[in-house]
Amino acid sequence: MDSSLGSLESRPPRQFGLRSIFAITALVAGFLGIVHWVGFWPMINCLLFAIAIIAGYVIPTRRLGKVLGVTGVILGAAVVVLILAELPRAHVASRRSHCYNNLKQISLALTCYADVYGSLPPTYIADKNGRPMHSWRVLILPFIEQPGLYDRYDFNEPWDGPNNRLLAKDIPPPYRCPSDLPWPSPETSYLAVTGKATVWPGTHGAALSKASDGLGDTISVVEVASSGVHWMEPRDLPMAEFVKGINRPSGKGASSPHPSGCHAACCDGRVWFLQAATSTATLKALATRAGGEPLPHDKDGTLIVK
């Protein structure tokens, strides 16, 4: 019998214990997380790193295993450098995406409210003397999965009454941009654009059918960084302030901590990112529900908001 064959047959089969399985699982999980977080090229480096480490672990030839192991360490160092370089940008992108989703949820809640009640909620509910008492942000709580908070709110007292002020700390997550003031601030990051020509003309909300400019071309709520408005407070952004520009140096009006612009939600559930250079004419056209102002669209009919 061939001696080399006998040597191979006498060699015990390689087995993987729980530790090996856990190590490989951790590598795969880390790899997938990095792919999601930093993008394509770090993914490629991480893949090579994982292959080298696993190959160095399972290949019985010591010299080859050492070479692959060293290669894996070098590639791993490259991955770490790339990840550290990408983390700030990925963090900013993640928070901007979170903010987008917040406004998306608010916009869809307003649409659901309009489906149930026939119109958007009033900007605020006033007492018999006309004093604003309750905000639309409170009225749509059941539509943003906050029915318990809505039930705890007392409509028999103003928003800052003795019972309601205890709810300040319970600001719903969709009402705060993660890049805005740190928690647990009760300030909201999203205000309605109000005014006679908007979908929030006063103490009543307009029916969406009144938005003859088109639901996708009519803004309902915009992002306002450091708004100074308590989430339950019946106070919002007048159209006259909104049309003055995005991210103005004064800090007033529509603005955000995100680079180059801010988010705005339309009446059909869509959310646009308005560039800081958006003209006053375009902002006015977006804010009015039936102004008939022309808006730029691309060949597919999508609004151009840059």
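Right above here is the structure, for reference.
Given the structure is predicted, the values throughout are model-derived calculations rather than measurements. (Residues numbered from 1 in each chain as written. Predicted model: local features only at pLDDT ≥ 70, side-chain atom pairs only at ≥ 80, totals over all residues. Heavy atoms only, no water.)

K.L.:
Give me the packing of aromatic side chains: which residues, what numbers.
P.N.:
This model, assessed by the stated rule, comprises 6 aromatic pairs. On the basis of an interplanar angle of 65° and a centroid distance of 4.8 Å, the ring pair of Y153 and F155 is categorised as edge-to-face. Using a relative accessible area of 29% as the deciding quantity, one classes F155 as partly exposed. (Phe/Tyr/Trp six-rings, centres within 6.5 Å; stacked < 30°, edge-to-face > 60°. Buried < 20%, exposed > 50% of the residue type's maximum accessible area, 1.4 Å probe, protein only.)

K.L.:
How would you explain the side chain of T282 if you had to name every residue and give the values?
P.N.:
Checked against the element boundaries, T282 lands in helix 8 (residues 280–287). In this structure the side chain of T282 is engaged in a polar contact, spanning 3.0 Å, whose partner is the side chain of S279. (Helix = DSSP H or I, 4+ residues; strand = E, 2+ residues; numbered from the N terminus. Polar contact = N/O pair within 3.5 Å; in protein donor to acceptor, adjacent residues only side chain to side chain.)

K.L.:
An account of the pattern of salt bridges is requested, with residue identities and associated values reported.
P.N.:
If the charged atoms of two oppositely charged side chains come close together, the side chains can form a pair. Taken as a whole and assessed by the stated rule, the structure comprises 7 salt bridges. Measuring nitrogen to oxygen at the nearest pair gives 2.8 Å for the salt bridge that ties E241 to R248. Through salt bridges with shared partners, one network takes in E241, K244 and R248. (Salt bridge = Lys/Arg side-chain N within 4 Å of Asp/Glu carboxyl O.)

K.L.:
Go over the pairing of strand 7 (residues 271–275), please, and point to the residues and values.
P.N.:
Extensive coverage of strand 7 is indicated by the burial of 4 of its 5 residues. In textbook terms, the turn of a hairpin is the stretch between consecutive antiparallel strands, and for strand 6 (residues 261–266) and strand 7 this stretch comprises 4 residues, one of which, G269, has a positive phi near 95°. (Pairing = 2+ DSSP bridges.)

K.L.:
Help me get a handle on helix 8, residues and values and all.
P.N.:
Within helix 8, burial applies to T282, L283, A285, L286 and A287. Structurally, helix 8 contributes buried residues whose contacts are with strand 3 (190–194), strand 4 (219–223), helix 7 (239–242) and strand 7. (Contact = heavy atoms within 4.5 Å.)

K.L.:
I'd like to hear about unusual backbone geometry, residue by residue, with values.
P.N.:
In the Ramachandran plot, E145 falls in the positive-phi region, its phi being about 65° despite a non-glycine side chain. Mapped onto the elements of the fold, E145 is located in the loop between helix 5 (136–139) and helix 6 (147–152). On the basis of relative accessibility, which here comes to 69%, the residue E145 falls in the exposed class. One non-glycine residue, S226, adopts positive backbone phi at about 50°. Its place among the elements puts S226 in the loop between strand 4 and strand 5 (237–238).

K.L.:
Can you lay out the nonpolar core for me, pointing to particular residues and giving the numbers?
P.N.:
Membership of the largest hydrophobic core comes to 33 residues, with the highest contact counts inside it found for I140 and W231. Elements supplying a minimum of two residues to this core: helix 4 (62–117), helix 5 and strand 3. It is helix 4 that contributes the most residues to this core, 7 residues altogether. Ranked by size, the runner-up nonpolar core spans 22 residues in total, among them V193, V243, L286 and L295. (Core = buried A, V, L, I, M, F, W, Y, C linked by side-chain atoms within 4.5 Å.)

K.L.:
Can you lay out the side chain of H230 for me, pointing to particular residues and giving the numbers?
P.N.:
Within the secondary structure layout, H230 lies in the loop between strand 4 and strand 5. Since its relative accessible area comes to 14%, H230 is described here as buried. Sequence-distant contacts of H230, defined by excluding residues within four places in its chain, comprise R137, W159, A168, P186, E187 and T188.

K.L.:
Please set out empty space enclosed by the protein residue by residue, giving values where relevant.
P.N.:
Picture a little ball the size of a water molecule; that probe, rolled over the atoms, points out where space is still empty. For the coordinates displayed, the defined rule picks out 1 cavity of 30 Å³ or more. In this structure, the largest cavity occupies an estimated 40 Å³ of space. The biggest single contributor to the lining of the largest cavity is helix 4, with 3 residues. (1 Å grid on protein atoms, 1.4 Å probe; cavity = no way out; pocket = protein on both sides within 12 Å on 5 of 7 lines; lining within 4 Å. Points joined across faces, edges and corners; volume = space filled by probe spheres on them.)

K.L.:
Describe the sheet that holds strand 5, naming the residues involved and giving the relevant values.
P.N.:
Strand order in the open sheet made by the 5 strands is 5-3-4-6-7, with mixed pairing throughout. The sheet is open, and its two borders are formed by strand 5 and strand 7, each paired with just one other strand. When strand 3 meets strand 4, the two strands line up antiparallel, connected through 3 bridges. Bridge pairing in strand 4 places A192 opposite V221.

K.L.:
Explain the environment of L283 to me, using residue names and the numbers behind them.
P.N.:
Secondary-structure assignment places L283 in helix 8. For the pair L283 and I246, spaced 37 residues apart in the sequence, the C-alpha separation amounts to 9.0 Å. If we ignore the near neighbours within four places in the chain, the residues touching L283 are F242, V243, G245, I246, L274 and T278.

K.L.:
I'd like a description of the layout of surface pockets, backed by residues and values.
P.N.:
Of the volumes computed, that of the largest pocket is approximately 170 Å³. Around the largest pocket, the lining is made up of 14 residues, and of these L191, V224, S227, L237 and G253 lie nearest the centre.

K.L.:
Lay out the environment of S256 with the relevant residues and their values.
P.N.:
The residue S256 is located in the loop between helix 7 and strand 6 in this model. Sequence-wise, S256 and S227 are 29 residues apart; in three dimensions their C-alpha atoms are separated by 9.8 Å. With residues near it in sequence (within four places) discarded, S256 still touches E223, A225, N247, G261 and C262. A distance of 3.0 Å separates the side chain of S256 from the backbone nitrogen of H258, its partner in a polar contact. At a separation of 2.5 Å, a polar atom in the side chain of S256 contacts the main-chain carbonyl oxygen of G261.

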